[in-house]
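This is what each chain is made of:
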Amino acid sequence: MAKHEDEKHKHSEHNHHNHDHHDGEEHSHDSHQSHAHDHDSHGGHDHGGHGGHGHHDHGDMIGDFKKRFFISLIFTIPILALSPIIQDFMGVDWRFIGDMYILFALSTVVFFYGGWPFITGGISELKDKNPGMMTLIALAITIAYGYSTMVVFGWEGSQLFWELATLVDIMLLGHWIEMRSVMGASNALEQLVKLMPNEAHRLDDNDQVQDVPLSELENNDRVLIRPGEKIPVDGTIIDGNSAIDESMLTGESVPVEKNKGDEVIGGSINKEGSLTVKVEKTGEDSYLSQVITMVKEAQESKSRTQDLTNRAAKWLFYLSLAAGLATLFIWLLLGYSFDVAIERMVTVMVITCPHALGLAAPLVVAVSTSISAKKGLLIRNRANFEGARNLNAVVFDKTGTLTKGEFGVTNIVPSEGYNEGDLLKYASTVEQNSEHPIATGIVKEAKEQEVALGKLTDFESITGKGIQGKVDGRKVNVVSPGYVSDNNFSYDQQLFNEMSEEGKTVVFVLLEDELIGMIALADIVRETAKEAISTLKENGIHSIMLTGDNKKVANWVAKQLGIDEVYAEVLPDDKANQVKQIQAKGWKVAMTGDGVNDAPALATADLGIAIGAGTDVAMETADVVLVKSNPNDVVALMDLSKKTYRKMVQNLWWATGYNIFAIPLAAGVLAPIGIVLSPAVGAVLMSLSTIIVAVNAKLLKAS
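For every chain, the first residue of the written sequence is number 1, and numbering continues from 1 along that sequence. Only residues with pLDDT of at least 70 get local features here, since the model is predicted, and only at 80 or more are side-chain atom pairs given and counted; chain-wide, interface and lining totals rely on the full set of residues. Hydrogen atoms and water are omitted, and side-chain values are computed over all heavy atoms in the structure.

Draft legend 1. Focus on the overall build of the protein chain. In this text, helices come from DSSP runs of H or I with a minimum length of four residues, and strands from runs of E with a minimum of two, each type numbered from the N-terminal end. On a plain count of helices and strands, the protein chain comes out with 26 helices and 22 strands. Expressed as a percentage of its 703 residues, the buried residues of the protein chain come to 59%. Accessible area for the protein chain stands at about 28200 Å²; split by element, carbon and sulfur atoms hold 55% of it. Note on classification: 1.4 Å probe, protein chains only; a residue is buried when its accessible area is under 20% of the maximum for its type, exposed when over 50%, partly exposed between these limits. Using the Shrake-Rupley algorithm and a 1.4 Å probe, accessible areas are obtained, with residue cover drawn only from the displayed protein chains.

Draft legend 2. How the structure looks around unusual backbone geometry. You will see that Lys129, though not glycine, has its phi angle at about 55°, which is positive. In this structure, Lys129 sits in the loop between α5 (116–127) and α6 (133–152). Relative accessible area serves as the criterion here: at 73%, Lys129 is assigned to the exposed category. Positive phi, close to 55°, is recorded for Glu569, a residue that is not glycine. By secondary structure assignment, the location of Glu569 is in the loop between β19 (565–567) and α22 (572–583).

Draft legend 3. Main features of the sheet that holds strand β18 (residues 542–546). For two strands to pair, DSSP has to find at least two bridges joining them. Taken together, seven strands build an open sheet; the order of strands is β10-β22-β21-β20-β11-β18-β19 and the sheet is mixed. Of all the strands in the sheet, the pair left with one neighbour each is β10 (377–379) and β19. Mean inter-strand twist for the sheet, computed between neighbouring axes without regard to direction, equals 20°. Inspection of the sheet shows strand β11 (residues 393–397) paired to β18 by five bridges, in the parallel sense. Note on method: axes are straight lines fitted to C-alpha atoms, helices fitted across the in-contact stretch only, with angles between N-to-C directions ranging 0 to 180 degrees.

Draft legend 4. Spotlight on the pairing of strand β5 (residues 242–245). Of the two faces of β5, the one carrying Ser242 and Ile244 and the one carrying Ala243 and Asp245 are both buried. Of the pairings in the sheet, the one linking β5 to strand β6 (residues 256–258) comprises three bridges and is antiparallel in character. Among the inter-strand pairings, Ala243 is bridged to a residue of β6, identified as Glu257. By the bridge criterion, two bridges tie β5 to strand β8 (residues 269–270) in an arrangement that is antiparallel. Across the sheet, residue Ile244 finds its bridge partner in β8, namely Asn270.

Draft legend 5. A look at helix α19 (residues 493–501). Among the residues of α19, those classed as buried are Phe496, Met499 and Ser500. Angularly, the buried residues of α19 cover 100° about the axis, an arc narrow enough to put them on a single face. Nitrogen and oxygen atoms within 3.5 Å of one another constitute a polar contact, given that in protein one can donate a hydrogen and the other can accept it, and given that sequence-neighbouring residues count only through two side-chain atoms. Its side-chain oxygen at 3.2 Å from the backbone nitrogen of Gln494, Asp492 defines the N-terminal cap of α19. Taken from the helix axis, the directions to the C-beta atoms give the arc we talk about.

Draft legend 6. Representation of the packing of helix α11 (residues 308–333) against helix α12 (residues 338–351) in the model. At a minimum axis distance of 8 Å, the contact between α11 and α12 shows a crossing angle of 160°. In this view, α11 runs roughly antiparallel relative to α12, as classed from their interaxial angle. With respect to the hand of their crossing, α11 and α12 are arranged in right-handed fashion. Facing α11, whose interface residues are Ser320, Leu321, Ala323, Gly324, Thr327, Leu328, Trp331 and Leu332, α12 presents Phe338, Val340, Ala341, Ile342, Arg344, Met345, Val348 and Met349. An angle below 35 degrees is read as roughly parallel, one above 145 as roughly antiparallel, one from 65 to 115 as roughly perpendicular, and any other as oblique. Left-handed describes a crossing whose near helix is turned anticlockwise from the far helix through less than a right angle; right-handed describes the clockwise counterpart. Contact definition: two residues touch when any of their heavy atoms are within 4.5 Å.

Draft legend 7. Quick look at the sheet that holds strand β14 (residues 466–471). Read across the open sheet, the six strands follow the order β12-β17-β16-β15-β14-β13; overall the sheet is antiparallel. Both outer strands of the open sheet, β12 (403–414) and β13 (456–462), are each paired with one neighbouring strand and no more. Here the average twist between neighbouring strands, direction ignored, is 20°. Pairing analysis gives eight bridges linking β12 to strand β17 (residues 514–525), with the strands arranged antiparallel.

Draft legend 8. Main features of the UniProt feature "transmembrane region" (unreviewed entry) in the protein chain. UniProt positions are given in the numbering used here, feature names are shortened, and annotations may be inferred rather than shown by experiment. Under the UniProt annotation, the feature "transmembrane region" (unreviewed entry) is placed at residues 69–86, 101–123, 135–154, 160–177, 315–334, 346–373, 652–675 and 681–700. In residues 315–334, helix accounts for 95% and strand for 0%; the two terminal C-alpha atoms are 28 Å from one another.

Draft legend 9. Quick peek at the pattern of salt bridges. Salt bridges are defined as contacts in which a side-chain nitrogen from Lys or Arg sits within 4 Å of a carboxyl oxygen from Asp or Glu. Using the criterion set out here, one finds 11 salt bridges in the structure. When the shortest N-O distance is used, the salt bridge between Asp458 and Lys470 registers 4.0 Å. Of the two residues, Asp458 sits in strand β13 while Lys470 sits in strand β14, which places them 12 residues apart along the sequence. We note a salt bridge from Lys530 to Glu527, for which the minimum N-O separation is 3.6 Å. Of this pair, Lys530 and Glu527 are both found in helix α20 (residues 527–538), three residues apart, which corresponds to roughly one turn of the helix.

Draft legend 10. Quick peek at helix α4 (residues 99–114). In a regular helix each residue adds 1.5 Å, so 16 residues correspond to 22 Å; α4 covers 22 Å between its end C-alpha atoms and thus fits that length. Inspection of α4 places Asp99, Met100, Leu103, Phe104, Leu106, Ser107, Thr108, Val110, Phe111 and Gly114 among the buried residues, and these make up the whole buried set. Here the expected span of a helix is defined as 1.5 Å times the quantity of residues minus one.

Draft legend 11. A look at the packing of aromatic side chains. Pairs were defined over the aromatic rings of Phe, Tyr and Trp, the Trp ring being its six-membered one, requiring ring centres within 6.5 Å. Orientation was assigned from the angle between planes: stacked under 30 degrees, edge-to-face over 60, tilted for the rest. Enumeration over the complete set of coordinates arrives at 19 aromatic pairs. Through pairs of rings, three or more aromatic residues link up here, namely Tyr101, Phe104, Phe111, Phe112, Tyr145, Phe153 and Phe161. When the ring centre of Tyr113 is taken as reference, the NZ or CZ atom of Arg68 above it lies at 4.9 Å. Seen from the ring of Trp587, Lys585 lies directly overhead, with NZ or CZ sitting 4.5 Å from the centre. Working rule: Lys NZ or Arg CZ, within 6 Å of ring centre, within 35 degrees of ring normal, means a charge sits over the ring.

Draft legend 12. Spatial organisation of the side chain of Arg68. One can find Arg68 in helix α2 (residues 58–82). Residue classification places Arg68 among the buried positions, given a relative accessible area of 13%. Side-chain polar atoms of Arg68 contact the backbone oxygen of Tyr113, separated by 2.6 Å. Setting aside anything within four residues of it in sequence, one finds Arg68 in contact with Tyr113, Trp116, Pro117 and Leu172.

Draft legend 13. The side chain of Thr429, seen in detail. Relative to the helices and strands, Thr429 is located in helix α16 (residues 420–431). The contact partners of Thr429, leaving out residues within four places of it in the chain, are Leu453, Gly454, Lys455, Leu456 and Val471.

Draft legend 14. Summary view of the environment of Ile371. Mapped onto the elements of the fold, Ile371 is located in helix α13 (residues 355–374). A relative accessible area of 13% places Ile371 in the buried class. With 269 residues separating them in the primary sequence, Ile371 and Leu640 have C-alpha atoms 8.8 Å apart.

Draft legend 15. Structural context of a nonpolar patch on the surface. Two joining distances apply to patches: 9 Å for like charges and 5 Å for nonpolar side chains (Val, Leu, Ile, Met, Phe, Trp, Tyr), and every residue must have over 30% relative accessible area and no salt bridge. On the surface, Phe329, Ile330, Leu333, Leu334, Tyr336 and Val340 cluster together to form a nonpolar patch covering roughly 630 Å² of accessible area. Here the element with the most residues in the nonpolar patch is α11; it accounts for three residues.

Draft legend 16. Spatial organisation of the environment of Gly400. Looking at where Gly400 falls in the secondary structure, it is placed in helix α15 (residues 398–402). In sequence terms Gly400 and Gly595 are 195 residues apart; their C-alpha atoms lie 8.2 Å from each other. Sequence-distant contacts of Gly400, that is, excluding residues within four places in its chain, are made with Gly405, Arg526, Asp594 and Ile611.

Written out as structure tokens, the structure reads:
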């Protein structure tokens, strides 16, 4: 938030129901101007980095891969039956006149229909000068198809249509499994826009209300905002006062009392009074629009980090080209005919693309995604999740992440002659009709302590005095510290100051104009947050708190949790900068948050973790969502990331190990002693490695 003078923030600006408001407290949001940050952060990529298919609607794409897989599979059955190599292997002879032309026709459908995503993906990877999985598959199927077509139309050799068809099937299956287990790409920007109401109640010159679309509002228009409504634009209050909940936008845990002359932000929620606001910023200039711009920039500039499979595929692509050309060259040098040399070259290049590689990662991803979902972790961005094993620091937003984002009673201090139960009974009875978060906290405490409420009559909210009512016929007031000071009531000032220092909000209870005690409330710290932070410490990971709330509140919470480092009063557009500063130390940083104000930082961090109870925007910007809003899950997430990565590396060795062994054989290293790898034996080895990879993936367990 804007810098609060410490005294002001102690308590008085949280004036409970307009108790004694200090005019000095003006939240100027002009300073929220966001700058075009150069977010050179981390990897947003299309499903595991496979080029070319991240920009369509995710659901349609999953359906598309599924359809292509099943149709290609149906065509593969007759392709296998018609292939002479497979017939030889099975010891049958189903040859007939023209059978090769039918085989060619069926394979052409599989190549163009099933292989299309890989061909287009390969082209876009090559355009980016970044060959990966798509290029490797495209190379293998194109060579297999081109060579086999030449064989059908008269070239000497044996066709490889069966290899083409099985490769397309397995790769389509792998992509389908992988995409199904990874959630959709981000629609954070749509979610941000949804935060704004569509219409505003504009007042005309005769103070008549007209409902108009937001786009029609202009500067200096007057807008009416009723209790409970979202504020449609940035502006200044010209009439009315209310408590406004800005926590989603700024991270300040306590609703801010606002009076005439104070500024309000579009997207925040008007809690209790009616307000008339003069419009000051519309459209692009508004604070929320600036947050939208920052999120957009952070997402657009995310480099496409290569995930593990893609890196393996990139090397295999280069290996395939090198081995293929070397094979051709050596066989020609040894005096063999061109068609024999070409056959060896093609066999090598097709074998270099491992079928198992297509399933190595997707199967692990599918298993790890289902384990994580059971644990309440939704993984949206796989490569960043894989990177979680390397984190050095976890940055936590305070409100709603480390704390519950709701007021709870922390101290009940009765005056002499009264007990806690009396104090709670009178306060909660008067508060039961109020919507104010402080009221909600007091009433909740009374319920938990099973304090019976009295009979309430004559309830009223008196500006400057707080609230008043009769409880069982006796007059009760719940008032602010300012009211108590102005009326010279005596109370334990040392204890009051200590509680205020801790960022607690204190209200006083009067019975028949006599002070009977005070109640302190604060944003309640999550128990699970303490456990999470001590586990992170044990693992040598630095925990940092980043909050828009004021320093005293932040330090009090940090002390309770044992957090290493605190950045308080950080403006939302600065949160992303703060994350960058931590990254500048060479650290890998995770950001955990729940509000709109966290969205740019979530997008900038190496791993963005959203707390499930937070805003849709935070969830859409994050790489992982913690459904249970439990900070402990951050630890579970890092553990699962380590195990998933280990399993993937094992699988890649299984998948590519077969190829490393088979390539020299296919190239004919043992030809001088009469051993040449026949494509049929290659097929058996290939199936074996695929089965091993599938079984190994299933062995992944969560702790």
